Amino acid sequence: MPKTTYQNTIKNTIYTPPKDWLQIKTIDMHTGGEPLRVIIDGFPVLKGDSVLAYRSYCKENYDVLRTALMFEPRGHADMYGCILTPPNDDEGDFGIIFLHNEGYSTMCGHAIIAISTLAIEMNWVSVIEGDNTLKIDAPCGRITSYAHVKNGEITSVRFHCVPSFVVSLDSTVDVPELGMVTYDLAYGGAFYAYVDMAKNTFDFDLTPDSYRQLITKGMDIKHAVMKEDTSILHPYEEDLSFLYGTIFIDNTKQSSGNDSRNVCIFAEGEVDRSPTGSGVSGRMAIHKKRNEITYGDTMKIESITGSVFKGSVISEEEYGPFTAVIPQVEGTAHITGMQTFVIDPKDPMKNGFILR
């Protein structure tokens, strides 16, 4: 009896691509709803002697692979990813490069939480009950994370960010169609303009119903601040001296019982589904500056999806001309799948595209 098509279908389930096709393997995750595509195999070897050097080499030589993996048809406008590299020195566990729709970010807290989770799940380190410490070299500097394991399961990950500081409070900028907007400028591994909804009059809120307006107005504010504010300068690294995004804040007590809500519009109009780890880090500096938080206090900050990060202040230190805080941010991450992406050299859309 001849085989039916269906019988062939359930029997032949493995596709072997031609030898000239590039194959890149990833593990996909999310932290509070924000995706992270971890590239684990198949990406060309990066050259350099530091994470910043690896990032520059990737940007100059393999940026088409960033777009291939972040953009459609393999990704989408809000996709986020990372590449692991050697650490900057023997004290580190590994380095990390962050990828998104615009390019390469300097810091990403949701990615730190996710990659720390993956390091435990994959036994990249010797796992113990209690806190498992990881030293991760990001473009902004060394991040120390603590993956807590109880009864063999990860219950949470917290990390200590790089020194985070306030550049200015209650600055103003004239934004087309919005008028004068009041914002705070702070750094938490990346620079953000923090816009408190209570200090501004907008016709939108921080819910999914305002998704499109948040993107448009967030980018309008970002571009206006970039044009007018000359104080976006990192004290030590020129590569870090740029505005990454706008963070809208509702500081009122939320109906969920959380202390506040963050909605971050970053890169080329991406909306962070998580509360934004680097954004929460900058907020800890702002709240400490305003004497609204002190050691031992914890803030629960939710995102547009309702996911929550806990933020606190661990210590203070002098950092160039700034009094900076070392913030702690805590959250959870989950694995969503394993992928093997192939790149057909004859595919006219092999490098990806975006339709928002």
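Please read all numbers here as calculations on a predicted model, not as lab measurements. (Residues numbered from 1 in each chain as written. Predicted model: local features only at pLDDT ≥ 70, side-chain atom pairs only at ≥ 80, totals over all residues. Heavy atoms only, no water.)

**So, the overall build of the protein chain**
As a reminder, the rule being used: A run of H or I in DSSP becomes a helix once it reaches four residues, and a run of E becomes a strand once it reaches two; helices and strands are each numbered from the N terminus. As a reference, a globule follows 2.2 Å times the number of residues to the power 0.38, and the radius of gyration itself is taken over C-alpha atoms. Think of it in three bands: residues with accessible area under 20% of the maximum for their type are buried, residues over 50% are exposed, and the middle band is partly exposed, with areas taken using a 1.4 Å probe on protein chains only. Any two residues whose heavy atoms approach within 4.5 Å are treated as being in contact. For every accessible area listed, the method is Shrake-Rupley and the probe measures 1.4 Å; residues are considered covered only by the protein chains on display. In summary, the charge assignment counts Lys and Arg as positive and Asp and Glu as negative, without counting His or the chain termini. For charged residues, the charge sits on one atom: NZ in Lys, CZ in Arg, CG in Asp, CD in Glu.
Helices and strands together make up the secondary structure of the protein chain, namely six helices and 17 strands. Taken over C-alpha atoms, the radius of gyration comes to 21 Å for the protein chain, in line with the 21 Å a tight globule of 356 residues would show. In terms of overall dimensions, the protein chain has a C-alpha envelope of 80 × 50 × 40 Å along the principal axes. The buried share among the 356 residues of the protein chain stands at 54%. Sequence-distant contacts, at least 24 apart, represent 61% of the contacts inside the protein chain between residues at least 6 apart. Of the roughly 16,200 Å² of accessible surface on the protein chain, 50% is carried by carbon and sulfur atoms. Averaging the locations of the 31 positively and 47 negatively charged side chains of the protein chain gives two centres separated by 6 Å.

**Structural notes on the environment of M197**
Mapping M197 onto the fold places it in the loop between β10 (191-196) and α5 (211-228). The buried category is assigned to M197, whose relative accessible area is 17%. Each C-alpha atom, one on M197 and one on F248, is 6.7 Å from the other, the two residues being 51 residues apart in sequence. In contact with M197, not counting residues within four places along its chain, are F202, F204, D205, L206, F248, I249 and D250.

**Quick word on the packing of aromatic side chains**
Stated precisely, the cut-off is as follows: Within 6.5 Å between ring centres, the rings of Phe, Tyr and Trp (the latter by its six-membered ring) count as paired, and their orientation is classed by plane angle as stacked under 30 degrees, edge-to-face over 60, tilted in between.
Enumeration according to the criterion identifies 17 aromatic pairs in this entry. Relative to Y319, the ring of Y236 has its centre 5.1 Å away and its plane inclined at 80°; by these criteria the two rings are edge-to-face. Highlighted residues: Y236 in the loop between α5 and β11 (243-250) and Y319 in strand β15 (residues 308-319), separated in sequence by 83 residues. Members of the aromatic cluster, connected to one another through ring pairs, are F165, Y187, F191, Y236, Y319 and F322.

**Remarks on helix α3 (residues 63-70)**
The buried count for α3 comes to six of eight residues, which makes it a mostly enclosed element. Contact partners of the buried residues in α3: β1 (22-31), β2 (34-41), β3 (81-85), β4 (94-99) and β17 (333-343).

**Considering unusual backbone geometry**
Put simply, E72 and P73 share a cis peptide bond, and its omega is 5°. Following the sequence through the fold, P73 ends up in the loop between α3 and β3. The phi dihedral of N123 is positive, around 55°, even though this residue is not glycine. Tracing the sequence through the fold places N123 in the loop between α4 (109-121) and β5 (130-138).

**Observations regarding empty space enclosed by the protein**
Put simply, the rule is: We place a 1 Å grid over just the protein atoms. Points where a 1.4 Å probe fits but has no way out form a cavity, open points with protein on both sides within 12 Å along at least 5 of 7 lines form a pocket, and any residue with an atom within 4 Å of a point lines it. Grid points are joined across faces, edges and corners, and a volume is the space filled by probe spheres set on the points. Three residue categories are used. Nonpolar comprises Ala, Val, Leu, Ile, Met, Phe, Trp, Tyr, Cys and Pro, charged comprises Asp, Glu, Lys and Arg, and polar comprises the others, including Gly. Bear in mind that the domain bounds are from an automatic or database domain assignment.
Taken as a whole, this structure holds one cavity of 30 Å³ or more when the rule is applied. Taken together, 14 residues line the largest cavity, and the ones lying closest to its centre are C108, Y192, D272, T276 and S278. Elements with a minimum of two residues in the lining of the largest cavity: α4, β12 (260-266) and α6 (277-289). Residues that form the lining of the largest cavity fall into these classes: seven nonpolar, five polar and two charged. Looking at the lining of the largest cavity, you find at least three residues from each of domain 1 (20-162 + 335-343) and domain 2 (165-330).

**Some remarks on the domain arrangement of the protein chain**
Stated formally: Buried surface area refers to the total accessible area, computed with a probe of radius 1.4 Å, that the two partners give up upon joining, counted for both partners together. A carboxyl oxygen of Asp or Glu within 4 Å of a side-chain nitrogen of Lys or Arg is what we treat as a salt bridge. As used in this structure description, the phrase polar contact means that two N or O atoms lie within 3.5 Å; if the pair is within protein, one of them must be able to donate a hydrogen and the other to accept it, and residues adjacent in sequence are counted only when both atoms belong to side chains.
When cut into domains, the protein chain gives domain 1 (20-162 + 335-343) and domain 2 (165-330). Computed from C-alpha atoms alone, the centre-to-centre distance between domain 1 and domain 2 is 23 Å. Taken together, the contacts link 28 residues of domain 1 with 34 residues of domain 2. Summed over both partners, the interface of domain 1 with domain 2 buries about 2,300 Å², with 53% contributed by carbon and sulfur atoms. Summed over the shared surface of domain 1 and domain 2, the number is two salt bridges. Residue R273 is joined to D78 by a salt bridge in which the shortest nitrogen-to-oxygen separation is 3.4 Å. On inspection of domain 1 and its partner domain 2, the count reaches 14 residue pairs in polar contact (both at pLDDT 80 or more). Elements with a minimum of two residues in the side of domain 1 that touches domain 2: α2 (51-61), α4 and β7 (153-160). Sorting elements by how many residues they give to the side of domain 1 that touches domain 2 places β7 first, with five residues. Split into classes, the residues belonging to the side of domain 1 that touches domain 2 amount to twelve nonpolar, eleven polar and five charged.

**Here's the deal with the layout of surface pockets**
Roughly 330 Å³ of internal volume is contained in the largest pocket. Taken together, 15 residues line the largest pocket, and the ones lying closest to its centre are R55, K59, Y104, D239 and F242. Top element by residues in the lining of the largest pocket is α2. It accounts for three residues. In terms of residue class, the lining of the largest pocket is built from six nonpolar, four polar and five charged. Looking at which domains feed residues into the lining of the largest pocket, each of domain 1 (20-162 + 335-343) and domain 2 (165-330) supplies at least three. Computed from the structure, the second largest pocket encloses a volume of approximately 190 Å³. As for the second largest pocket, its lining consists of 13 residues, of which F43, P44, V45, I83 and L84 are closest to the centre. Mapped by element, the contributors of at least two residues to the lining of the second largest pocket are β2 and β3. Among the residues forming the lining of the second largest pocket, the class breakdown is ten nonpolar, two polar and one charged.

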